[in-house]
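Observations on the model geometry
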Amino acid sequence: MNAPAAPSLNPAQLEAVHHLSGPCLVLAGAGSGKTRVITHKIARLLHSGLAPRQIAAITFTNKAAAEMRERARGLVGARGAKDLVISTFHSLGVRMLRSDGERVGLKTNFSILDSDDVLGVLRDCGGNTDNALARRWQWTISLWKNQGLDADAAEAAAADDDQRVAARVMRLYQERLAAYQSVDFDDLIGLPLALLKRDEEVRCKWQAMFGHVLVDEYQDTNAVQYELLKALVGGGPHGFGGAGSRPFTAVGDDDQSIYGWRGATVENLRRLPQDFPSLKVIPLEQNYRSTGHILRAANAVIAGNPKLFDKKLWSELGEGEPVKVIECDGEEHEAERVVARVQALRAGRTGDGAAVKFADIAVLYRANHQAKVFEQKLRAAQIPYKVSGGTSYFDRAEIKDLCAWLRLIVNNDDDPAFLRAVTTPKRGIGHQTLAALGEFAAKRKESLFEALFAPTLSAALKGKAIDALHEFGRYVNDLEYRARHTSGAEDARVYLMGWLKDIGYEQHLHDGEDSEKLASARWTNVLDFVDWIARRCGGETAAEVAGTVEESERRSVFDVAQTISIIISIAERGEDGDVVTLSTLHAAKGLEWPHVVLAGVNEGLLPFKGSDEEMSAERLQEERRLMYVGITRAQRTLAVSWLRRRKRGRETVAGMASRFITEMKLDEAVAKEDPRERLKRLRAELVARVQASEHAAAASSPAALARKATEASG
DNA sequence: CATACATGAATTTTT
DNA sequence: TTCATGTATG
């Protein structure tokens, strides 16, 4: 995937790579080889004399960062790639705060709360409010922070009572975070920015550190991230932006901006030429991914949006096949037809007849719940698949609980783990106690766990609370000791089950869950997890670790726990071979497949329309970009399906094809098709079909199945 | 206070 | 359909 078709860079790419002296904006259309540009530019920068550590490439996801490092390694070798600063905005923020956070009142080993933790804190702040309200607050507060507002600014700008309440909760929340010596994800951007703005010494240090900053997916930046970028590249009268800044490269595509709802703003693209008058804007318009029909459909759809910059994709890959529209009776029918198409593609009975793997095929849709029917039908047809973008096994609360304990056992100073473990299950240690402990620890610049055994703690806390904390601490120490001396799957299982019994975890699940069924489902997950860890402690017959079936080495629980985050990330990456991908459109961004089906392309679903809000022009434009992103994921064939009847709530309502299907102007495309092209295509299809029927007759597979598949593909 | 039933609402996601 | 929250009843 993502393999460049061209052996060398095209003129626009070259220009982008060679522009080292000033600010540069690369408008990288879908499939135009932007990662190539970034990696080649990194190589060029190294060649021009910058040290690896002076080059910062910033991405949005860890996955993107890992991929970029991999690609860079391929180009400049392992030695050069190792010291490149390739990281996400957030991990760069962590780095800055770990190094200089003390200047904004943060001890060096502050904790980072995940969104579950945040929800808990917010519920506390609001006096044990219900989940839904707390979630709304979380949402609102996060958006505010993304716009660079603090509690005061938010309260001043609050539009109604709800927002005023949220702003007051935000103030409490910030106080609580400070007391816990914790930050949330948004703070990982906001606090470094505050740091750079406030402290000239620190600002100079970081500005001097990076000779060139590259930002990937620039259209996804929010206001605060843009400010942080400006602060990093410096220049200008106030040290931000303007003339005299360090050179940087922003790579993005306004047509692929699909994260406005979480604070990203295309404004950042609009402002870039204004804030940096010497900005060099370079559009990359040659697409190396998709065939003509697909690209034309994409261009036609996106033409419905006002454009910021002039840019139109073209391709040398030939016309390919026309985009197919599949009209379905309902969701079930849609899933059946999609499955049939998968089978037809796989049997090579469509397109140019090249061998098609399951992994070459993706089904993309607007909302997660749409995956369900496809899963059912794919399972029924025995087609392997993976769902990307859904909640992962490792995101489940119970698994995170246990991981927190293991993290704490391995690293006593992991404060987020401490906070989670010490309160799950509840053991009479509340936020009063924890706030006091946090404050105490912060003063001493110690982790919570260290602070817990300090003799002077008794000055800050009452005896009862201290007793509870000490008991917890002793228990964790005991667990740690035994974890080091327990190895082999069987003993590990005993150890882990004993631990769960000690902390009363099963009971905890039943207490927290009012449905018995759900509680036992969670407990089953826990048992799976225990088994999963135990197996990794080895010593058993034929333990299947990383696919090998050899007698494995015995490893201690401690060792296994130590590598748990790595194991999880590998398990999550799922190098799971030849499977069909089911994914939301959002999660599909940046990926590509030879064959793509866009499912449920209905008015109301894509463009999505909630129950009672009317759609603003901006919302519609973002939906259109989403459609554009979907179309441009396809390399060789694209099918778009929609539902004549759609379920909404309990009732079934008439479904309408999305306006985006009309906007693709498919009829026009076929009509304008070169007659020779068309003849060639039809003949190829015919040949493929004849071959297919021969193949079907020869194979033992039921003829009915083959007929069905052919039907659906034609 | 806990359980049972009714009613209403349903995006997108990374760190 | 499913999930979560609210209300009524024991």
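Residues numbered from 1 in each chain as written. Chains lettered and ligands numbered in written order. Predicted model: local features only at pLDDT ≥ 70, side-chain atom pairs only at ≥ 80, totals over all residues. Heavy atoms only, no water.

1. A closer look at the overall build of chain A
Within chain A, the regular secondary structure consists of 31 helices and 18 strands. Looking at chain A as a whole, 51% of its 714 residues are labelled buried. Summarising the internal contacts of chain A: among those between residues at least 6 apart in sequence, 75% fall at separations of at least 24. Accessible surface, chain A as shown: approximately 33100 Å² in total, 51% of it carbon and sulfur. (Helix = DSSP H or I, 4+ residues; strand = E, 2+ residues; numbered from the N terminus. Buried < 20%, exposed > 50% of the residue type's maximum accessible area, 1.4 Å probe, protein only. Contact = heavy atoms within 4.5 Å. Areas by Shrake-Rupley, 256 points an atom, 1.4 Å probe, with all protein chains shown as cover.)

2. Observations concerning the sheet that holds strand E15 (residues 593–598)
One open sheet holds the six strands; their spatial order is E11-E16-E15-E12-E14-E13, and the pairing between them is parallel. Each edge of the sheet is formed by a strand with only one pairing partner; in this case those strands are strand E11 (324–328) and strand E13 (385–388). In this sheet, neighbouring strand axes are inclined to one another by 20 degrees on average, regardless of whether the strands run parallel or antiparallel. Note: E13 against strand E14 (residues 580–584), four bridges, orientation parallel. Among the inter-strand pairings, Ser388 is bridged to a residue of E14, identified as Ser583. Against the sheet, helix H14 (residues 331–346) contacts E11, strand E12 (361–365), E14, E15 and strand E16 (634–643), and its axis sits at roughly 160 degrees relative to E16. Packing of helix H27 (residues 617–631) onto the sheet brings it into contact with E12, E15 and E16, and relative to E15 it is tilted by some 140 degrees. (Pairing = 2+ DSSP bridges. Axes fitted to C-alpha atoms, helices over the stretch in contact; angles between N-to-C directions.)

3. Considering the domain arrangement of chain A
Parsing chain A into structural domains produces domain 1 (11–100 + 188–284), domain 2 (111–180), domain 3 (300–388 + 576–673), domain 4 (394–569) and domain 5 (676–714). On a C-alpha basis, the centres of domain 2 and domain 3 stand 37 Å from each other. (Domains from an automatic or database assignment.)

4. Quick look at unusual backbone geometry
Pro607 follows Leu606 through a cis peptide bond whose omega is 15 degrees. Secondary-structure assignment places Pro607 in the loop between E15 and H27. Notably, Glu217 is not glycine yet its phi reads approximately 50 degrees, a positive angle. Topologically, Glu217 is positioned in the loop between strand E6 (212–215) and helix H11 (223–233). The exposure class assigned to Glu217 is buried, which follows from its relative accessible area of 17%. A positive phi angle, near 60 degrees, is found at Gln382, a position not held by glycine. Within the secondary structure, Gln382 is located in the loop between helix H15 (371–380) and E13.

5. Brief notes about the pairing of E6
A two-sided burial pattern is seen for E6, the buried positions comprising His212 and Leu214 on one face and Val213 and Val215 on the other. Of the strand pairs in this sheet, strand E2 (residues 55–59) and E6 are connected by four bridges, and their pairing is parallel. Bridged to Ala57 within E6 is Leu214. Where E6 and strand E7 (residues 248–252) come together, three bridges link them in parallel fashion. Bridge pairing in E7 places Val215 opposite Ala250.

6. Brief notes about the nonpolar core
One broad trend across soluble globular proteins is that nonpolar side chains are buried collectively. Trp405, Phe418 and Trp499 are the most contacted members of the largest nonpolar core, which totals 72 residues. When residues in this core are grouped by element, the largest group, nine residues, is from helix H20 (residues 463–484). Split by domain, this core shows at least three residues from each of two domains, domain 2 (111–180) and domain 4 (394–569). When near neighbours in sequence (up to four residues on either side) are disregarded, Trp405 contacts Ala421, Thr424, Arg427, Phe472, Tyr475, Val476, Leu479, Trp499 and Ile503. (Core = buried A, V, L, I, M, F, W, Y, C linked by side-chain atoms within 4.5 Å.)

7. Some details on the packing of helix H5 (residues 115–125) against helix H8 (residues 161–180)
Between H5 and H8, whose axes approach to 9 Å, the crossing angle comes to 120 degrees. Relative to H8, H5 is oriented oblique. Where H5 crosses over H8, the two elements pack in a sense that is right-handed. Every residue of H8 that contacts H5 at Val118, Val121, Leu122, Asp124 and Cys125 is listed here: Val169, Leu172, Tyr173, Arg176 and Tyr180. (Parallel < 35°, antiparallel > 145°, perpendicular 65-115°, else oblique. Left-handed = near helix turned anticlockwise from the far one by under 90°.)

8. Some words on the pattern of salt bridges
Applying the stated criterion to the full structure yields 44 salt bridges. A salt bridge links Glu201 to Arg103, with the nearest nitrogen and oxygen atoms 3.5 Å apart. One end of the pair, Glu201, is in helix H10 (residues 200–209); the other, Arg103, is in the loop between helix H4 (89–100) and strand E4 (111–112), and 98 residues separate them in sequence. Assessed through its relative accessible area of 54%, Glu201 is described here as exposed. (Salt bridge = Lys/Arg side-chain N within 4 Å of Asp/Glu carboxyl O.)

9. A short note on the sheet that holds E7
Overall, parallel pairing links the six strands, which are arranged E3-E2-E6-E7-E1-E8 in an open sheet. The sheet terminates laterally at strand E3 (85–88) and strand E8 (280–284), the two strands that pair on one side only. Averaged over all adjacent pairs, the angle separating strand axes in this sheet is 15 degrees, with direction ignored. Two elements, E2 and E3, share four bridges in a ladder whose sense is parallel. Bridge pairing in E3 links Thr59 to Thr88. In the packing of helix H1 (residues 11–18) onto the sheet, the strands contacted are strand E1 (24–28) and E8, and the crossing angle to E8 comes to about 145 degrees.

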